[in-house]
Amino acid sequence: MNKLTQNDLEWLQDMVRRGEMSADRANVEKVRMARFVVVKKLPAEVRSVLNAAVKDGELGHKKKDGHKPEVYYHPNFEYLANQERALIEKQTFEVLSGVIAR
């Protein structure tokens, strides 16, 4: 999974603390800076903010599809989100085949 550096996270937190950025905006920026975020569990308020950013064209979104996870991504990096989804799907099938083979 693509993660932000400690500096990136601290910068976002500092911007929110100083009132220069809302927490909602920081969540959108976090996805944009990370290029993509694989979603396993997401609070409803964060999901609604991210979905609003999708409607505005700031983010892209792919719903869960079979064993491929849900992702939010920077529109310029859809290919990275697709690669990560495919990798997770492949790993899931490998785990499942290992369990079935036993």
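Up top is the structure these notes are about.
Keep in mind the model is a prediction, meaning the values are calculated, not measured.

Colleague: Looking at this structure, how should I read the nonpolar core?
Modeller: Side chains that are nonpolar tend, in soluble globular proteins, to be buried together. In terms of nonpolar packing, the biggest core is built from 9 residues, these being Val 28, Val 31, Val 39, Val 46, Val 49, Leu 50, Ala 53, Leu 59 and Tyr 72. Elements with a contribution of two residues or more to this core: helix H2 (23-34) and helix H3 (44-55). Here this core takes 4 residues from H3, the largest share from any one element.

Colleague: Quick question: what am I supposed to make of the packing of helix H1 (residues 6-17) against H2 here?
Modeller: The packing of two helices is summarised by the inter-axis angle and the distance between the axes. Relative to each other, H1 and H2 sit at 160 degrees, their axes nearing to 10 Å. Classified by the angle between their axes, H1 and H2 sit roughly antiparallel to one another. Crossing hand, H1 versus H2: right-handed. Across from Asp 8, Leu 9, Trp 11, Leu 12 and Val 16 in H1, the residues of H2 making contact are Ala 23, Ala 26, Glu 29, Lys 30 and Met 33. Grouping the constituent residues of the contact of H1 with H2 by class yields 7 nonpolar, no polar and 3 charged.

Colleague: Help me understand the pairing of strand S3 (residues 70-73) in this model?
Modeller: Two faces belong to every sheet, and in a regular strand the side chains alternate between them. Of the two faces of S3, both are covered, the one formed by Glu 70 and Tyr 72 as well as the one formed by Val 71 and Tyr 73. Direction of pairing for strand S1 (residues 36-39) relative to S3: antiparallel, over a ladder of 4 bridges. Counterpart to Val 38 in the pairing with S3 is Val 71. Across 3 bridges, the pairing between strand S2 (residues 60-62) and S3 is antiparallel.

Colleague: Would you explain the packing of aromatic side chains in this entry?
Modeller: The relation between two aromatic rings is expressed through the spacing of the ring centres and the mutual angle of the planes. Counted by the stated rule, this structure contains 1 aromatic pair. Pairing Phe 77 with Tyr 79 gives two aromatic rings, centres 6.3 Å apart and planes at 40 degrees, and the pair type is tilted. Owing to a relative accessible area of 21%, Phe 77 belongs among the partly exposed residues under this scheme.

Colleague: What am I meant to see in the pattern of salt bridges here?
Modeller: Using the criterion set out here, one finds 7 salt bridges in the structure. Asp 14 is the salt-bridge partner of Arg 18, the closest N and O atoms lying 3.5 Å from each other. For Asp 14, a relative accessible area of 27% puts it in the partly exposed group. Salt bridges sharing common partners tie together Asp 14, Arg 18 and Glu 20.

Colleague: For this particular structure, what's the right way to read the environment of Val 39?
Modeller: With respect to the secondary-structure elements, Val 39 resides in strand S1. Assessed through its relative accessible area of 9%, Val 39 is described here as buried. Taking the C-alpha atoms as reference points, Val 39 and Leu 9, separated by 30 residues in sequence, lie 18 Å from one another. In this view, Val 39 contacts Arg 47, Glu 70 and Tyr 72; residues no more than four positions away in its chain are not counted.

Colleague: It is not clear to me how H2 should be interpreted in this structure. Could you clarify?
Modeller: In an α-helix, one turn spans 3.6 residues; hence positions three or four apart end up facing the same way. Its 12 residues place the ends of H2 16 Å apart at the C-alpha level, agreeing with the 16 Å of an ideal helix rising 1.5 Å per residue. Those residues of H2 not exposed but buried are Ala 26, Val 28, Glu 29, Val 31 and Ala 34.

Here is what the cut-offs are and how they apply
- Residues numbered from 1 in each chain as written.
- Predicted model: local features only at pLDDT ≥ 70, side-chain atom pairs only at ≥ 80, totals over all residues.
- Heavy atoms only, no water.
- Core = buried A, V, L, I, M, F, W, Y, C linked by side-chain atoms within 4.5 Å.
- Buried < 20%, exposed > 50% of the residue type's maximum accessible area, 1.4 Å probe, protein only.
- Helix = DSSP H or I, 4+ residues; strand = E, 2+ residues; numbered from the N terminus.
- Axes fitted to C-alpha atoms, helices over the stretch in contact; angles between N-to-C directions.
- Parallel < 35°, antiparallel > 145°, perpendicular 65-115°, else oblique.
- Left-handed = near helix turned anticlockwise from the far one by under 90°.
- Contact = heavy atoms within 4.5 Å.
- Nonpolar A, V, L, I, M, F, W, Y, C, P; charged D, E, K, R; others polar.
- Pairing = 2+ DSSP bridges.
- Phe/Tyr/Trp six-rings, centres within 6.5 Å; stacked < 30°, edge-to-face > 60°.
- Salt bridge = Lys/Arg side-chain N within 4 Å of Asp/Glu carboxyl O.
- Expected span 1.5 Å × (residues − 1).

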